[in-house]
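Breakdown of the fold
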Amino acid sequence: VKLGRREVEHLSDLARLRFGAGDAASIARDLARVLEYMRVLDEIDTAGVDPMTRAGAAAPPPRRDEHAEGLGVEDALAAAPRRYRGHFLTPKAI
Amino acid sequence: LNLCDMTAHELTALMDTGEVLPSEVMRSVLARAEAVEGAIRAYVTVDADRALQRAVELDARARTGVPRGPIWGAPACVKDNICTKDLPTTCASKILEGYRPPYDATVVTRLREAGALTVGKTNLDEFGMGSSTEHSAVGPTANPWDTSRVPGGSSGGAAAAVAAGEAVLALASDTGGSVRLPASFCGVVGFRPSYGAVSRYGLVAYASSMDQIGMIARDALDCGLLFAEVAGPDGADATAAPRDASFDPSAFAAACETGRASDRLEGLRVGVPFSTLAEGVDDDVRIRFDEALDELEAAGAQVTEVELLDPSYALAAYYVIADCEASSNLARYDGARYGRRTEAETADEMYFRTRSDFLGAEVKRRIMLGTFALSAGYRDRYYLKASRVRHIVLKDYAAAAAVADVLATPTASSPAFAAGERLGDPVDMYMSDVFTVGPSLAGLPCVSLPMGLSTAGLPLGLQLIGRAGGDWDLLRTAHAYQCVTEHHRLRPPVERLESRPGEGKSLA
């Protein structure tokens, strides 16, 4: 996999990250290095093997819906960078 | 021996007879931290005044003869990615500088209910992403055995603190080896329970299908006693499994006292994947590992060869899956609800600036890699491929479990490496985890035990891997090994660490 400037820009857009020119070059180099290592996975035949997305064989059993106290507005907002009348305050989204 | 260098069960015995008070233990730990912290920098936040005050409050109860649990009064540290309401929880990241969670992690609540005292929050690689505790926004932690070397990571602060006598017990987290690798490098015991054995409510998420809270202590018995207090189901975490009904903590402790715990090794089948150890393992590690197998055999165990997939496949699969999960989990750091924010005209621009300004380089690297491996056109080739390899790894361990009761490998292929040595190439750093990621992928319980020193005097770790859900069997085996060996009694030469003023900057 070759990661050019445009690919790195596309990925950083998806990840909501921005890199300066120097950092972008070094991140492209690092990603290429790591992806090259990950090519060892191609050596393993995984035909017919299901992907495993959780540790342990079974999903946790479903539980009864029960009412419980939440955090409450004051606690939830306590660490907010900005707040306004019981809400998180952010810049305009649209 | 100073009080701060003793185990929790030794201290409990002294406190039970009234010989020692909780405040004396805490003063010893705080004095040690004061003396060595400038050189080690294990902590992000030390809560000395409150820790001492709480210890003094316990003194009064110590005199009343009220029955107390096995870790009562023990000074414990908590990795700084585990939420504490009364102390900042920074994950060693600038983006959570000064952050105070609105709740305690379940393990913290249970730790305190058991009467243990929190000394402070320990350093880590940012969000748990690293193997050396060098990727921390407050600066690196040093290895107490040789301060020019790393303590391992990501729980390097917790392992260094326990090794140096700055705490007796530690709660930390292990995703791909973050408890076991630093335990190996610092000469202490690091236990990673089965997936689901301990609630993760309040553990800041990195890779949720593998994240697990683990214990670091000076022996396997202490790990077991701490595990017993924090394990079990939790209404706040659907993945926390029921407690193993077969376990009786008092029987576990009693087995030690009777001196017959080592009987357990008689006839125990220890499986070793010799073919995967042939290359890339330091001579020092190989020699000490062979001697550890001899020690197990001398106590009656049968060492047998097992076939396992080469660990380099598990390593590659681990890093694909962990980075994919990280890229999703860390989307929450956007400046909107908590943590730092860089103001901007629009919300989207705020996300970009906040994340770019306050996340560290290694974290960004992993988010980028995970974003790539989940992106259109690459998901099948990377994420799904790695998830299929993960399934093969799981089946591999299941097959080995048919012929062995426990598996043994070195925890790491080398002793602690020099600071800076593996920062240049990310794959070099990832290779540190080659023996620890397999059990993480499979969700198996595993433990790193001291197995002696390298020729240069650095600690080396023996990793034992148990069966899924077989946490107590594994801990009993680990404890039995320590009944017939003395490696876990070695302590780093802390008297050599001069008191120096702290150099790290604070995020708290």
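Shown above is the structure to which this text applies.
The present account deals with the structure reproduced in this document. Computed from a predicted model, the values in this text were never measured in an experiment.

Describing the overall build of chain B
Looking only at helices and strands, one finds 16 helices and 11 strands in chain B. At 21 Å, chain B has a C-alpha radius of gyration in line with the 23 Å of a compact globule built from 508 residues. Projected onto the principal axes, the alpha-carbon positions of chain B cover approximately 65 × 55 × 45 Å. The buried share of chain B, taken over its 508 residues, is 67%.

Observations concerning the sheet that holds strand S7 (residues 269–272) of chain B
Residues and elements named next belong to chain B. One open sheet holds the 11 strands; their spatial order is S1-S3-S2-S4-S6-S5-S10-S11-S9-S7-S8, and the pairing between them is mixed. A single partner strand is all that each edge strand has here, and the edge strands are strand S1 (43–46) and strand S8 (302–305). Neighbouring strand axes in the sheet, compared pairwise and without regard to direction, differ in orientation by 30 degrees on average. Strand direction decides the pairing type here: strand S2 (residues 75–79) and strand S4 (residues 169–174), joined by three bridges, are parallel.

With respect to helix H11 (residues 347–358) of chain B
Every α-helical turn comprises 3.6 residues, leaving residues that sit three or four positions apart pointing alike. Here H11 of chain B is 12 residues long and its end C-alpha atoms lie 16 Å apart, about the 16 Å a rise of 1.5 Å per residue gives. Among the residues making up H11 of chain B, those that are buried are Ala347, Met350, Phe352, Thr354, Arg355, Ser356 and Phe358 of chain B. Elements that come into contact with the buried residues of H11 of chain B comprise helix H1 (5–14) of chain A together with helix H12 (361–374) of chain B.

A few points about the interface of chain B and chain A
For an interface, size is often stated in terms of accessible area lost upon the parts coming together. If you look at the interface, chain B gives 70 residues, while chain A gives 49 residues. One can count six salt bridges joining chain B with chain A. One salt bridge in this structure joins Glu349 of chain B and Arg18 of chain A, with 2.9 Å as the shortest N-O distance. Along the contact surface separating chain B from chain A lie 18 residue pairs in polar contact (both at pLDDT 80 or more). When residues of the side of chain B that touches chain A are traced back to their parent elements, those giving at least two are helix H10 (311–329), H11, H12, helix H13 (380–403), helix H14 (426–430) and helix H15 (437–442) of chain B. No other element matches H13 of chain B, which puts 13 residues into the side of chain B that touches chain A. Residue composition of the side of chain B that touches chain A, by class: 38 nonpolar, 13 polar and 19 charged.

Observations regarding helix H1 (residues 8–16) of chain B
Residues and elements named next belong to chain B. Listed in full, the buried residues belonging to H1 are Ala8, Leu11, Thr12, Leu14 and Met15. Down the axis of H1, the buried side of the element spans an arc of 165 degrees, and every buried residue falls inside it. Its buried side turned inward, H1 meets helix H2 (22–40), S4 and helix H7 (220–230). Backbone geometry just after H1 places Gly18 at a positive phi near 80 degrees.

Thresholds, definitions, all that
Residues numbered from 1 in each chain as written. Chains lettered and ligands numbered in written order. Predicted model: local features only at pLDDT ≥ 70, side-chain atom pairs only at ≥ 80, totals over all residues. Heavy atoms only, no water. Helix = DSSP H or I, 4+ residues; strand = E, 2+ residues; numbered from the N terminus. Rg over C-alpha atoms; globule rule 2.2 N^0.38 Å. Buried < 20%, exposed > 50% of the residue type's maximum accessible area, 1.4 Å probe, protein only. Pairing = 2+ DSSP bridges. Axes fitted to C-alpha atoms, helices over the stretch in contact; angles between N-to-C directions. Expected span 1.5 Å × (residues − 1). Contact = heavy atoms within 4.5 Å. Salt bridge = Lys/Arg side-chain N within 4 Å of Asp/Glu carboxyl O. Polar contact = N/O pair within 3.5 Å; in protein donor to acceptor, adjacent residues only side chain to side chain. Nonpolar A, V, L, I, M, F, W, Y, C, P; charged D, E, K, R; others polar. Arc of directions from axis to C-beta.

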